[in-house]
Amino acid sequence: MKFVFFGAPGAGKGTMAAKAAETFGFPHISTGEIFRGAMRDGTPLGLKVKAIIESGGLVSDELTIGLVEERLAMPDAKAGWLLDGFPRTLGQAEALAAFCPEDHVIDLEASDEKVLDRLSGRRMCRSCGRSWHVRFMPTAKPGICDHCGGELYTRDDDREESVKVRLENYRSQTAPLQDYYRRRGTLVTVDGEADADSVWTVLKGVMERLVSARQA
Ligand code: AP5
């Protein structure tokens, strides 16, 4: 099945999509993580997007759409996928609908206060890309990923100025897609305000029902 994880920066898309990938077996495809991987490796893509991402801006539709179309054509995405961070503009949503339409869009809703709190304490793993939080999801050993033992770091775009730009972009360009998906009948809203275990319990139930309905 094909799920889009949708929501504001810090709503918990990456955290929940990682859990869903483990539980349901679909690949977790995060455009942010693809870009950060390219930046880490210093590839031409990484060099191209570095300044845009660090300032909180959006990478062009042309580049992002091409990259996602290529990734969804890979063999591991044949039976389904969990897209995290794409689409973010109407152009991206229309492109996805044309080349590989979604079954459901999981819209994780969280207040501004929550997302700011989450982004300010987030730490990412350099090796596996998982996100942790100094207070809400601390690792057993500070600075070390519980999942793979990788080193944790703070994202450059989690600085206050970049977060402000990301939230503005979300409100002006991405949030309007809620109406687009409501009209397509694929939007499923999940309350993302509670702690991570509680949100996951609800989300897992929702996804199980959607998967069973599909198989029935
Ligand atoms: P991307 O990586 O997609 O960033 P984002 O959308 O801003 O989302 P975040 O990763 O900040 O938040 P999240 O919702 O995944 O939250 P998380 O689970 O980590 O994109 C980065 C950049 O790449 C963009 O700004 C843009 O420049 C570019 N880009 C990417 N896709 C693009 C596209 N399609 N088009 C153009 N440009 C694109 O959780 C946050 C923190 O909270 C973590 O510390 C976590 O541990 C914690 N947490 C999670 N859930 C909970 C909970 N329920 N309770 C308490 N803490 C929680």
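Definitions and limits used
- Residues numbered from 1 in each chain as written.
- Predicted model: local features only at pLDDT ≥ 70, side-chain atom pairs only at ≥ 80, totals over all residues.
- Heavy atoms only, no water.
- Buried < 20%, exposed > 50% of the residue type's maximum accessible area, 1.4 Å probe, protein only.
- Helix = DSSP H or I, 4+ residues; strand = E, 2+ residues; numbered from the N terminus.
- Pairing = 2+ DSSP bridges.
- Axes fitted to C-alpha atoms, helices over the stretch in contact; angles between N-to-C directions.
- Parallel < 35°, antiparallel > 145°, perpendicular 65-115°, else oblique.
- Left-handed = near helix turned anticlockwise from the far one by under 90°.
- Contact = heavy atoms within 4.5 Å.
- Nonpolar A, V, L, I, M, F, W, Y, C, P; charged D, E, K, R; others polar.
- Polar contact = N/O pair within 3.5 Å; in protein donor to acceptor, adjacent residues only side chain to side chain.
- Arc of directions from axis to C-beta.

**A word on the pairing of strand 1 (residues 2-6)**
- Counting buried residues in strand 1 gives four out of five residues, a clear majority hidden from the surface.
- Pairing geometry for strand 1 and strand 3 (residues 81-84), over four bridges, is parallel. Bridge pairing links F3 to L82 in strand 3.
- Where strand 1 and strand 4 (residues 104-109) come together, four bridges link them in parallel fashion. Bridge pairing in strand 4 links V4 to V105.

**Structural notes on the packing of helix 5 (residues 90-99) against helix 8 (residues 177-184)**
- With their axes 10 Å apart at the nearest point, helix 5 and helix 8 run at an angle of 25° to one another. On the basis of the axis angle, helix 5 is roughly parallel to helix 8. The handedness of the crossing between helix 5 and helix 8 comes out as right-handed. Counted together, L90, A93, E94, L96 and A97 of helix 5 and L177, Y180, Y181 and R184 of helix 8 form the full contact between these two elements.
- Per-class residue counts for the contact of helix 5 with helix 8 are seven nonpolar, no polar and two charged.

**Notes on the side chain of T174**
- Assignment of secondary structure puts T174 in helix 7 (residues 160-174).
- Among the residues examined, T174 registers a relative accessible area of 5% and is labelled buried.
- In this structure the side chain of T174 is engaged in a polar contact, spanning 2.8 Å, whose partner is the backbone oxygen of R88.
- Contacts of T174, omitting those with residues within four sequence positions, involve F6, P87, R88 and N169.

**Re helix 8**
- Along helix 8, the residues that are buried comprise L177, Q178, Y180 and Y181. For helix 8, the angular spread of buried residues about the axis comes to 160°, placing them on one side.
- Residues of helix 8 that are buried in the fold lie against strand 1, helix 5, strand 4, helix 7 and strand 8 (187-191).

**Side note on unusual backbone geometry**
- The omega torsion across F86 and P87 is -5°, close enough to zero to call that bond cis.
- Locating P87 in the fold gives a position in the loop between strand 3 and helix 5.

All quantities given are derived from atomic positions and should not be read as evidence of function.
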